[in-house]
Amino acid sequence: MYGLLALAATGRSVLQITEYFDRAPVSYILSALAAVIYIVATVGLARGDRASVRVARIALTVELIGVLVVGTISYAFPSAFPDKTVWSHFGSGYGYVPLVLPIVGLWWIRRTSAASSTAEVTTP
């Protein structure tokens, strides 16, 4: 799911920056930043080794904070976000997936790391 969102966010942010940058430069740059964070999270989750999972956890946390902060700002100052971006309006342009996905991702990391720790303890 993260790979698909990374692709969608990257495509949309490239289009917005190349075609409409003068309308809302800050929101489009934030959209591109979100795309980079999705790529980092995707790679970290896919690799699955300890260091990659740590990087993915950081990326997911930044993503969650980003969507909450930008989502709030986009409602408080709607003129700063004339078009939908990945994090504006809490990801409403993406079916709120950007709001839900980092929570699911962090839960999954926690669940799999707990299962991994249990397996290491029980294995002689």
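Our structure's up above, just so we're on the same page.
Nothing here was measured: the structure is a model prediction, and the numbers come from that model. (Residues numbered from 1 in each chain as written. Predicted model: local features only at pLDDT ≥ 70, side-chain atom pairs only at ≥ 80, totals over all residues. Heavy atoms only, no water.)

Asks: Now, about the packing of aromatic side chains: what can you tell me, with residues and values included?
Replies: By the definition in use, this model includes 1 aromatic pair. Seen from the ring of Tyr20, Arg23 lies directly overhead, with NZ or CZ sitting 5.1 Å from the centre. (Phe/Tyr/Trp six-rings, centres within 6.5 Å; stacked < 30°, edge-to-face > 60°. Lys NZ or Arg CZ within 6 Å of the ring centre and 35° of its normal.)

Asks: Could you give an account of the nonpolar core, naming the residues involved and the relevant values?
Replies: Counting residues in hydrophobic clusters, the biggest one holds 23 residues, and the most contacted among them are Tyr2, Tyr38, Val86, Trp87 and Ile109. Counting residues per element, this core draws most heavily on helix 3 (residues 50-76), at 7 residues. When near neighbours in sequence (up to four residues on either side) are disregarded, Tyr38 contacts Tyr2, Leu5, Ala6, Ala9, Glu63, Val86, Trp87 and Pro98. (Core = buried A, V, L, I, M, F, W, Y, C linked by side-chain atoms within 4.5 Å. Buried < 20%, exposed > 50% of the residue type's maximum accessible area, 1.4 Å probe, protein only. Helix = DSSP H or I, 4+ residues; strand = E, 2+ residues; numbered from the N terminus. Contact = heavy atoms within 4.5 Å.)

Asks: For helix 3, give the residues involved together with the corresponding values.
Replies: Between its terminal C-alpha atoms helix 3 stretches 39 Å, which fits the 39 Å expected from 27 residues at 1.5 Å a residue. For helix 3, the set of buried residues is Ser52, Val53, Ala56, Ala59, Leu60, Glu63, Leu64, Gly66, Val67, Val70, Gly71 and Ser74. N-cap assignment for helix 3: the residue whose side-chain oxygen lies 3.2 Å from the backbone N of Ala51 is Asp49. (Expected span 1.5 Å × (residues − 1). Polar contact = N/O pair within 3.5 Å; in protein donor to acceptor, adjacent residues only side chain to side chain.)

Asks: Break down the environment of Val97 for me, citing the residues and quoting the values.
Replies: Considering the arrangement of structural elements, one finds Val97 in helix 4 (residues 97-122). In this structure the C-alpha to C-alpha distance between Val97 and Trp87, which are 10 residues apart in sequence, comes to 9.7 Å. In this structure Val97 touches Met1, Leu5, Gly91 and Pro102, once residues within four positions along its chain are discounted.

Asks: Give me the lowdown on helix 1 (residues 2-20), citing residues and values where you can.
Replies: With 19 residues, helix 1 ought to run about 27 Å at 1.5 Å a step, and its terminal C-alpha atoms sit 26 Å apart, in line with that. Buried within helix 1 are the following residues: Tyr2, Leu5, Ala6, Ala9, Ser13 and Gln16. Summarising the axial view, the buried residues of helix 1 lie within an arc of 110°, below the 170-degree limit, and thus occupy one face. Exposed residues pointing more than 90 degrees away from the buried face of helix 1 are listed as Leu4, Leu7, Thr18 and Glu19. (Arc of directions from axis to C-beta.)

Asks: Please give an account of the side chain of Ser27 that cites residues and values.
Replies: Tracing the sequence through the fold places Ser27 in helix 2 (residues 25-47). Filtering out sequence-adjacent residues up to four positions away, Ser27 remains in contact with Ala80, Phe81 and Thr85.

Asks: Could you give an account of the packing of helix 2 against helix 3, with specific residues and numbers?
Replies: The geometry of helix 2 relative to helix 3 is characterised by a closest axis approach of 8 Å and an angle of 150° between their N-to-C directions. Overall, the two elements helix 2 and helix 3 adopt an arrangement that is roughly antiparallel. Relative to helix 3, the crossing made by helix 2 is left-handed. Residues Leu30, Ile37, Tyr38, Val40, Ala41, Gly44, Leu45 and Arg47 of helix 2 lie in contact with helix 3, whose contacting residues are Ser52, Val53, Val55, Ala56, Ala59, Leu60, Val62, Glu63 and Val70. Class assignment for the residues of the contact of helix 2 with helix 3 results in 13 nonpolar, 2 polar and 2 charged. (Axes fitted to C-alpha atoms, helices over the stretch in contact; angles between N-to-C directions. Parallel < 35°, antiparallel > 145°, perpendicular 65-115°, else oblique. Left-handed = near helix turned anticlockwise from the far one by under 90°. Nonpolar A, V, L, I, M, F, W, Y, C, P; charged D, E, K, R; others polar.)

Asks: Lay out the side chain of Gln16 with the relevant residues and their values.
Replies: Tracing the backbone shows Gln16 in helix 1. Contact partners of Gln16, with chain neighbours within four places excluded, come to Phe21, Tyr28, Ser31, Asp83, Lys84 and Thr85.

Asks: Mind laying out the pattern of salt bridges, listing which residues take part and the relevant values?
Replies: For side chains of opposite charge, pairing can occur when their charged atoms come near one another. If you walk through the whole model with that rule in mind, you get 2 salt bridges. A salt bridge links Asp83 to Arg23; the nearest nitrogen and oxygen atoms lie 2.5 Å apart. With Asp83 in the loop between helix 3 and helix 4 and Arg23 in the loop between helix 1 and helix 2, the pair connects residues that are 60 residues apart, well separated along the chain. Residue classification places Arg23 among the partly exposed residues on the basis of a relative accessible area of 45%. A salt bridge links Arg47 to Asp49; its shortest N-O distance comes to 3.4 Å. (Salt bridge = Lys/Arg side-chain N within 4 Å of Asp/Glu carboxyl O.)

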